[in-house]
Amino acid sequence: MLCTIVCILFLALLLALYVCYKVQFSYWSRRNIIPSVPGKIFSGNLIEFLTFKTNFAYHLKTIYDDPQFIDVPVVGVYDLFKPSLFIRDPELIKSVLVRDFESFPNRFPEMDLNHDPIGARSMFFTKYSIWKKMRTKLNPLFTSAKLKNMYYLIQNVCKNMEHHLDQQAYVYRVEMKDFCARYTTDIIATTLLGFQSNSLENPAEELNKEVRKLADYNWRLAFDYMIIIYFPKLAKFFGSRVLYPQTELFFRSCVPRAIAEREHSDKCRFDLIDMLVKLKREAISLGENMKDFMYCLIAQAMVMTVAGFETSSTTMANALLELAKQPDLQKRLKDEIRTAFSRADQFKIPYEDLNKLEYMDMVVSETLRLYPVLPVLQRICQRPPGKAESYSLKPYCEFSIPDGMPVYISMYGLHYDPKYWTNPTTFDPERFSAENKQSLNPGIYLPFGMGPHNCIGVRLGLLQVKCGLLHLLRNHHVRVCEATLLKPEFEAKSILLQLKGGVYLEIVKDCLSA
């Protein structure tokens, strides 16, 4: 009798799961309003996902490139377990990210603040209310005046980099992503965390080790981010958090310590710690819950450190790879750099002059097109308070997006679309000349997102990339070697676009500096 009951319950459970599956993955076929892909768990790529042969960003790229969707503005898709909407049209993209931001205020479903008090409060993952509060408070850190004050800190790191290169052999072979990561780690330390590091000389420094853990993707980190992004309610069950426990402990220790030391010394360095000291004083005067507020401050320092380290080092390494592959383009950039130094002090180029390096800007912009570090944007549709109707897609199609539906935008697809870019797989900085840039639709070039949710540190990130290229190429050039992967593939385990196998190049001293 008991066995019969167990069998009946088991069959009932299987039937319930089957019905749930059919309901979830027949959403678009039952409506037949917009073009869609067949509905299957993990978007029909279960084995590829589980074996890390692909990830959702690459899957969206295949949908973007599918000829049957080439002229449609939206496509009905399924993410790992639910119906979602994939937006292809640049004008609709601008509406979602900018004009109608109030209907798409969150990137991801809400995380558990108690389970992950640091990661769940970081501006990248957190809910709109915390994001808006911290974004408003931290925006002043990245004004032109503040960046100009930070510039001298960055120049000191660049001086150390040049000294490091001077100590090497005439031909210095490096894994360029690692080299650039150590350079950007030193900048992050001095501009954001308030202390001086020298990761170029000592890769074993604690900050370098901790941030590298989050960039060196493995199956556990990939699994944790899958849970956080798609199944946040299960994060506590699986123990999935944004940071490794040891890395979280590092930030919980170093950020409050840096704030306390700055309060005690009363010095001003125009960095993030100065800003956090100011925000802490304001919070105390307003009687805020200081435990939660300190979590917020640590979270923002963490996300800016990790994001600034990863995006800038990746972009700088990829730019050098493309310049090594095309020596004529590298020569043009070096000529611009030498001209800039000839007009300035022997070592230092004024902040204003750096922003006038047109070809440098073209090279960095094209690198970000060819290698968009974040390959996909996600937003959650949410009906604004007081609004009765769901978000309508008219005049694009007769469909209204229901509350809670994820919306995806593929920068990877847009940046490689031959409809917008001639020979999109070719590295061509001329796409971003002053004349050509004027004709670009902002909706097709999104390396840092767009609208209120765009990357808060974009200007600092670009500054450290340009300074790094400026001082590395001042007295050196880069060239390919037998270890260079001329057509590298992207790493499937990473949620970012990282090159698999590393970027191996040779840094060669120029004759004038040898």
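The structure displayed is predicted, hence computed values, not measured ones.

Caption draft 1: Looking closely at the UniProt feature "binding site: heme" (unreviewed entry) in the protein. When the UniProt feature table is mapped onto this chain, "binding site: heme" (unreviewed entry) is found at Cys-455. Tracing the chain through its elements places Cys-455 in the loop between α19 (434-437) and α20 (458-472). On the basis of relative accessibility, which here comes to 32%, the residue Cys-455 falls in the partly exposed class. Excluding residues that lie within four positions of it along the chain, Cys-455 makes contacts with Arg-135 and Phe-448.

Caption draft 2: Inspection of the sheet that holds strand β9 (residues 504-509) at higher detail. Read from one edge to the other, the open sheet built from 3 strands follows the order β3-β9-β8, with strand pairing classed as antiparallel. Each edge of the sheet is formed by a strand with only one pairing partner; in this case those strands are β3 (171-175) and β8 (476-479). Adjacent strand axes in the sheet meet at a mean angle of 30 degrees when their direction is disregarded. The pairing of β3 with β9 spans 5 bridges and is antiparallel. Considered in β9, the bridge of Glu-175 is made with Tyr-504. Against the sheet, helix α7 (residues 144-166) engages β3, β8 and β9, with an angle of about 85 degrees to β9.

Caption draft 3: Seen up close, empty space enclosed by the protein. By the definition in use, this model includes 4 cavities of 30 Å³ or more. Approximately 830 Å³ is the volume attributed to the largest cavity. In terms of lining residues, the largest cavity is bounded by 46 residues, among which Phe-124, Val-303, Ala-307, Thr-311 and Cys-455 are the most central. Those elements giving two or more residues to the lining of the largest cavity turn out to be α6 (128-138), α9 (206-215), α14 (290-325), β4 (376-380) and α20. When residues of the lining of the largest cavity are assigned to their parent elements, the largest contribution, 10 residues, is made by α14. Of the residues belonging to the lining of the largest cavity, the class tally is 33 nonpolar, 9 polar and 4 charged.

Caption draft 4: Region of interest: unusual backbone geometry. Residue Lys-394 is joined to Pro-395 through a cis peptide bond whose omega torsion reads 5 degrees. Note that Pro-395 resides in the loop between β5 (391-392) and β6 (400-401).

Caption draft 5: Structural detail: the sheet that holds strand β2 (residues 83-87). Read across the open sheet, the 4 strands follow the order β1-β2-β7-β4; overall the sheet is mixed. Looking along the sheet, the strands with just one partner apiece sit at the ends: β1 (74-78) and β4. This sheet shows a mean twist of 30 degrees between the axes of neighbouring strands, independent of strand direction. Examined bridge by bridge, β1 and β2 share 5 bridges and lie antiparallel to one another. Bridge pairing in β2 links Val-74 to Ile-87.

Reading the values: rules and limits
- Residues numbered from 1 in each chain as written.
- Predicted model: local features only at pLDDT ≥ 70, side-chain atom pairs only at ≥ 80, totals over all residues.
- Heavy atoms only, no water.
- UniProt positions renumbered as here; feature names shortened; annotations may be inferred.
- Helix = DSSP H or I, 4+ residues; strand = E, 2+ residues; numbered from the N terminus.
- Buried < 20%, exposed > 50% of the residue type's maximum accessible area, 1.4 Å probe, protein only.
- Contact = heavy atoms within 4.5 Å.
- Pairing = 2+ DSSP bridges.
- Axes fitted to C-alpha atoms, helices over the stretch in contact; angles between N-to-C directions.
- 1 Å grid on protein atoms, 1.4 Å probe; cavity = no way out; pocket = protein on both sides within 12 Å on 5 of 7 lines; lining within 4 Å.
- Points joined across faces, edges and corners; volume = space filled by probe spheres on them.
- Nonpolar A, V, L, I, M, F, W, Y, C, P; charged D, E, K, R; others polar.

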